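Structural features, examined
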Amino acid sequence: FLDKTDGTYLSAWLLPSLLHEDTRYYALGHGHSVVVRELYVISRQGVARTYGGHQTPNIAGLGGKVLTQVVSRNYYPPGATRFGVLAEKFGYSAMRDVIFSTIREFYPDIAAHYVRKHEAKQARLAAKRAALQPGVPARTLTAPTKYHGDAFADSAGSAWITGCLSISKPTC
């Protein structure tokens, strides 16, 4: 717990402020291959942006991880402060950042895929119900057509908030 807290203060606040680096992750986004995007994610461990938007070595991010290990030597027992142990913890910290950055890079595309898939399924079901019930107005049978974060809008433009975990019109 203390290592994570130290690392957050050092690499997300103190060092970036002193070095004028922006260590936030900026997604490359769709339009690039999966390999290019994953290489971009990995490269962000060593490359950050300045406040002016230029790329620079990620001294704050990597330095924060190193300083976290140096500080941790004060509160860990002597056997846990060997260089090999500290280097392993540094590696785990870097891997954790790569994993979470990968999620941040690809999650919007994955979520949009499943929303489109769900909308297509709902449209097929609505068309099937409309064929079976010719007297029912089409508006009550159509699926959501537009997804806006936490809200859906149906084909008539009526919006509703998704108060549930499901992606369909909430009943709760």
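Residues numbered from 1 in each chain as written. Predicted model: local features only at pLDDT ≥ 70, side-chain atom pairs only at ≥ 80, totals over all residues. Heavy atoms only, no water.

1. Some remarks on the overall build of the protein chain
The number of helices and strands found in the protein chain is four helices and six strands. If you list the helices and strands of the protein chain from N to C, you get α-β-α-β-β-α-α-β-β-β. The proportion of buried residues among the 172 residues of the protein chain is 28%. In the protein chain, the share of contacts with a sequence separation of at least 24, taken over all contacts with a separation of at least 6, comes to 49%. (Helix = DSSP H or I, 4+ residues; strand = E, 2+ residues; numbered from the N terminus. Buried < 20%, exposed > 50% of the residue type's maximum accessible area, 1.4 Å probe, protein only. Contact = heavy atoms within 4.5 Å.)

2. Thoughts on the environment of Thr-23
One can find Thr-23 in the loop between strand E1 (21-22) and helix H2 (34-43). Among the residues examined, Thr-23 registers a relative accessible area of 29% and is labelled partly exposed. It is 7.4 Å that separates the C-alpha atoms of Thr-23 and Ala-60, two residues lying 37 residues apart in sequence. Once residues within four sequence positions are removed from consideration, Thr-23 is found in contact with Ser-11, Ala-12, Pro-16, Asn-58, Ala-60 and Gly-61.

3. Topic: the environment of Leu-62
Structurally, the position occupied by Leu-62 is in helix H3 (residues 59-72). A relative accessible area of 31% places Leu-62 in the partly exposed class. Sequence spacing of Leu-62 and Gln-45 is 17 residues, and the spatial spacing of their C-alpha atoms is 7.3 Å. Not counting residues within four places of it along the chain, the set of residues in contact with Leu-62 comprises Gln-45, Gly-46 and Phe-90.

4. A look at unusual backbone geometry
Negative phi values dominate among residues other than glycine, just as trans dominates among peptide bonds. Positive phi is not limited to glycine here, since His-20 has a value of about 55°. Relative to the elements of secondary structure, His-20 occurs in the loop between helix H1 (2-19) and E1.

5. Thoughts on H3
For H3, built from 14 residues, the straight-helix expectation of 20 Å at 1.5 Å per residue is met to within 8% by its first-to-last C-alpha distance of 19 Å. Listed as buried for H3 are Ala-60, Gly-61, Gly-63, Gly-64, Lys-65, Thr-68, Gln-69 and Ser-72. Those residues of H3 that are buried lie in contact with H1, E1 and helix H4 (83-132). (Expected span 1.5 Å × (residues − 1).)

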